[in-house]
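# An overview of the molecular structure
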Amino acid sequence: MPEYEFVDVYVPRGVSRKEATRLLTDHAEYGHWELDRLSLLRDGSRRVRLRRRIIRQLRATW
């Protein structure tokens, strides 16, 4: 079963949808994050949870 690490990103209500999309796209392209959950809060702000897979390397034995 894959393991993931998570990061929460808060996007304030004054940020446009286009700017929020650009922010999340940058996280996806450069940090290898993917969208896990997006919550739209009552005040218009967004709480975004991103995840990326943890790749464990096995030790080489000689």
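Presented here is an overview of the structure given in this document.

### Describing the pairing of strand S2 (residues 34–40)
For S2 and strand S3 (residues 46–54), the ladder comprises six bridges, and the chain directions are antiparallel. The partner of Glu 34 across the bridge, within S3, is Arg 51. Connecting S2 to the antiparallel partner S3 that follows it, the hairpin turn spans five residues, and Gly 44 within it adopts a positive phi of roughly 95°.

### Focus: the pattern of salt bridges
Tallying each qualifying case throughout the model produces six salt bridges. Two residues, Glu 34 and Arg 51, come together in a salt bridge whose shortest N-O distance is 2.6 Å. Of this pair, Glu 34 sits in strand S2 while Arg 51 sits in strand S3, placing them 17 residues apart in sequence. Since its relative accessible area comes to 23%, Arg 51 is described here as partly exposed. The salt bridge involving Arg 51 is made with Asp 36; its shortest N-O contact spans 3.9 Å. On the criterion of sequence distance, the pair formed by Arg 51 in strand S3 and Asp 36 in strand S2 is long-range, its members being 15 residues apart.

### A look at the nonpolar core
Counting six residues, the largest nonpolar core is built from Val 9, Val 11, Ala 20, Trp 33, Val 48 and Leu 50. When residues no more than four places from it in sequence are discounted, the contact partners of Leu 50 are Glu 5, Phe 6, Val 7, Val 9, Leu 24, His 27, Trp 33, Glu 34, Leu 35 and Asp 36.

### So, the pairing of S3
Alignment of strand S1 (residues 3–11) against S3, held across nine bridges, turns out to be antiparallel. Looking across to S3, one finds that Val 11 is bridged to Arg 46.

### Structural notes on the side chain of Arg 46
Within the element layout of this structure, Arg 46 appears in strand S3. Buried within the structure, Arg 46 lacks any salt-bridge partner; its nearest side chain of opposite charge belongs to Glu 19, at an N-O separation of 8.2 Å. Setting aside residues no more than four positions away along its own chain, Arg 46 makes contact with Val 9, Tyr 10, Val 11, Val 15, Ser 16, Arg 17, Ala 20, Ser 39 and Leu 40.

What counts, and at which threshold
Residues numbered from 1 in each chain as written. Predicted model: local features only at pLDDT ≥ 70, side-chain atom pairs only at ≥ 80, totals over all residues. Heavy atoms only, no water. Pairing = 2+ DSSP bridges. Helix = DSSP H or I, 4+ residues; strand = E, 2+ residues; numbered from the N terminus. Salt bridge = Lys/Arg side-chain N within 4 Å of Asp/Glu carboxyl O. Buried < 20%, exposed > 50% of the residue type's maximum accessible area, 1.4 Å probe, protein only. Core = buried A, V, L, I, M, F, W, Y, C linked by side-chain atoms within 4.5 Å. Contact = heavy atoms within 4.5 Å. Lys, Arg positive; Asp, Glu negative; His and termini not counted.

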